[in-house]
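# Tertiary structure, described
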Amino acid sequence: MIEVMKKDSTQDQLEGVKARIESHGLEVHLSEGVERTVVGVLGQIFIELKDELESLPGVLEVILISKPYKLSSREFKNEDTVIKGGDAHIGGDELVVMAGPCAVEDEDQVLSAAHAVKAAGAKILRGGAFKPRSSPYSFRGMGVEGLRLLAKAREETGLPIVTEVMSPEDVGMVDAYADILQIGTRNSQNFNLLDAVGKVRKPVLLKRGFSATYEEWLLAAEYVLAGGNDQVILCERGIRTFETGTRFTIDLSAIPMIKSLSHLPVIADPSHSTGRAHLVTPMTLAAVAAGAHGVIVDVRDGAQALTFDTFADMMTRAKAVAQSVGKVPAGTGR
Ligand code: PEP
Ligand code: MN
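Residues numbered from 1 in each chain as written. Chains lettered and ligands numbered in written order. Predicted model: local features only at pLDDT ≥ 70, side-chain atom pairs only at ≥ 80, totals over all residues. Heavy atoms only, no water.

### Considering the overall build of the protein chain
In terms of helices and strands, the protein chain carries eleven helices and 14 strands. The C-alpha atoms of the protein chain give 21 Å as radius of gyration, which agrees with the globular expectation for 334 residues (20 Å, within 12%). Projected onto the principal axes, the alpha-carbon positions of the protein chain cover approximately 65 × 45 × 45 Å. Looking at the protein chain as a whole, 52% of its 334 residues qualify as buried. For the protein chain, long-range pairs separated by at least 24 residues make up 69% of all intrachain contacts whose partners lie at least 6 apart in sequence. Split by element, the accessible area of the protein chain, about 14,000 Å² in all, is 52% carbon and sulfur. (Helix = DSSP H or I, 4+ residues; strand = E, 2+ residues; numbered from the N terminus. Rg over C-alpha atoms; globule rule 2.2 N^0.38 Å. Buried < 20%, exposed > 50% of the residue type's maximum accessible area, 1.4 Å probe, protein only. Contact = heavy atoms within 4.5 Å. Areas by Shrake-Rupley, 256 points an atom, 1.4 Å probe, with all protein chains shown as cover.)

Put into structure tokens, the structure is as follows:
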């Protein structure tokens, strides 16, 4: 349920509404937009509450949200959420590119990748220190040493870092190093982990579960938002289909569809969805044309990784597509 305050309502009236909601053991989530102040009411809603709230001073109307996800919905917040990462704005009119090695492997690897992607126009450095692997025999990441190397790369380049956190116990440690905490596809319905990053006060990049529907994906985001963290970036990273020619199937419709359902920023991962380096540039361009607020790309290491040169070429082409759909250079917009 959401409650919309009148334009000329006072702070006292808002406090009165909040107190009334809380007196029923329900939770309040505020969205103070330019156009209107909306109070989200979460918990076991009862229908009489609608009339009760509508009778309070300062209240314009009370609307029931029919969707199971509430705080992530456009009904709750109509304006796009814009999230800052360094000098880039994710969710506004910029195309923000996050790039770097799949997994952090050593100092030279991560530093050289950081400098190269920055030179080509990337605004955020990616790199996995904790790697979720399909096989237990694959390299599972450097752990905290990987986080230190990412922090060193940030110090040298000024690029903020996005890196995955795999378990609730590690959230504090990853939070100490990362600028954006990534939740991988395999953990996107790990509800204890989602609760844990809901308590963090940094952006969370939430990958779509590879078998998650739009509704399940937005409900995963809802866990983070309901926990009190309103900075969630959604990432389409491909879903499981019958096709085996690519690693997963990138669902490009998800980009405009999620943008219509939710105010949260939506980016795409053309690397992990395709699993093939030669498909990364075409799928990046397609995602940008479909309206993605950004992309996250593996550069340098891994089967799907671009080389520094192909990454720079991809950036040039992505900028041209971005301009053609009305985007401004990263770091200059809102
Ligand atoms: C990654 O970005 O490093 C990764 C493992 O992605 P995903 O969770 O989408 O497979
Ligand atoms: Mn990877």
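### A few points about the sheet that holds strand β8 (residues 124-126)
Here we have eight strands rolled up into a closed barrel, ordered β7-β8-β9-β10-β11-β12-β13-β14, and parallel in their pairing. Neighbour-to-neighbour, the strand axes of this sheet turn through a mean angle of 25 degrees, independent of strand direction. Strand contacts of helix α6 (residues 191-198): β10 (180-183) and β11 (204-207), with the helix running at about 170 degrees to β10, the strand carrying the most contacts. Along the sheet face, helix α7 (residues 214-226) touches β11 and β12 (232-236) and points at about 160 degrees away from the line of β12. (Pairing = 2+ DSSP bridges. Axes fitted to C-alpha atoms, helices over the stretch in contact; angles between N-to-C directions.)

### So, the pattern of salt bridges
Inspection of every chain in the model, using the stated rule, returns 16 salt bridges. The partner of Lys67 in a salt bridge is Glu75, with the nearest N and O atoms 3.5 Å apart. The exposure class assigned to Lys67 is partly exposed, which follows from its relative accessible area of 25%. On the basis of relative accessible area, Glu75 is assigned to the partly exposed category, the value being 27%. For Glu145, the salt bridge identified is with Arg148, shortest N-O distance 3.0 Å. Note that Glu145 and Arg148 are positioned in helix α4 (residues 144-157) at a spacing of three residues, about one turn of the helix. A relative accessible area of 34% places Glu145 in the partly exposed class. (Salt bridge = Lys/Arg side-chain N within 4 Å of Asp/Glu carboxyl O.)

### Looking at the coordination of the manganese ion (ligand 2)
Looking at the metal site, the manganese ion (ligand 2) is ligated by Cys102 (SG), His272 (NE2) and Asp298 (OD), spaced 2.0 to 2.4 Å from it. Within one chain, the residues donating to the manganese ion (ligand 2) are spaced in sequence as C-x169-H-x25-D. One end of the pair, His272, is in helix α9 (residues 270-274); the other, Asp298, is in strand β14 (residues 294-298), and 26 residues separate them in sequence. (Donors = N, O, S within 2.8 Å, 3.2 Å for Na, K, Ca; no water.)

### Considerations on the packing of helix α10 (residues 277-289) against helix α11 (residues 308-324)
Axis separation between α10 and α11 bottoms out at 9 Å; the angle between their running directions is 20 degrees. Taken together, the axis directions place α10 and α11 in an arrangement best described as roughly parallel. In this structure, the crossing between α10 and α11 has a hand that is right-handed. The segment α10 lies against α11, with Val280, Thr281, Thr284, Leu285, Val288 and Ala289 engaging Thr310, Met314, Arg317, Ala318, Val321 and Ala322. (Parallel < 35°, antiparallel > 145°, perpendicular 65-115°, else oblique. Left-handed = near helix turned anticlockwise from the far one by under 90°.)

### A short note on the domain arrangement of the protein chain
According to the domain assignment, the protein chain contains domain 1 (2-63) and domain 2 (83-329). Look at where the C-alpha atoms of domain 1 and domain 2 centre, and you get two points 36 Å apart. (Domains from an automatic or database assignment.)

### Concerning the sheet that holds strand β2 (residues 27-32)
In spatial order, the strands read β2-β3-β1-β4; together these four strands make up an open sheet with antiparallel pairing. Either end of the sheet is taken by a strand with one partner, and the two such strands are β2 and β4 (59-63). If you compare each strand with its neighbour and ignore which way they point, the axes differ by 20 degrees on average. Here six bridges tie β2 to strand β3 (residues 37-42), and the two strands are oriented antiparallel to one another. The residue bridging Val28 from the neighbouring strand is Val41, located in β3. Strand contacts of helix α1 (residues 11-23): β1 (2-5), β2, β3 and β4, with the helix running at about 150 degrees to β2, the strand carrying the most contacts.

### As for the site of ligand 1
Taken together, Arg126, Lys131, Glu164, Gln182, Gly184, Thr185, Arg186, Lys207, Arg237 and His272 make up all the residues around ligand 1. Between ligand 1 and Lys131 there is a distance of 2.8 Å, counted from an oxygen atom to a side-chain nitrogen or oxygen. Note that an oxygen atom of ligand 1 is positioned 2.8 Å from one of the backbone N or O atoms of Thr185. Compared with its free state, where it exposes 300 Å², ligand 1 has 96% of that area covered by protein. Counted by class, the shell around ligand 1 contains no nonpolar, four polar and six charged residues. (Near = heavy atom within 4 Å. Polar contact = N/O pair within 3.5 Å; in protein donor to acceptor, adjacent residues only side chain to side chain. Nonpolar A, V, L, I, M, F, W, Y, C, P; charged D, E, K, R; others polar.)

### So, helix α8 (residues 254-261)
Of the residues making up α8, those classed as buried are Ala254, Ile255, Ile258 and Leu261. An end-on view of α8 places all buried positions within 135 degrees of arc, on one side of the element. Residues of α8 that are buried in the fold lie against α7, β12, β13 (266-268) and α10. (Arc of directions from axis to C-beta.)

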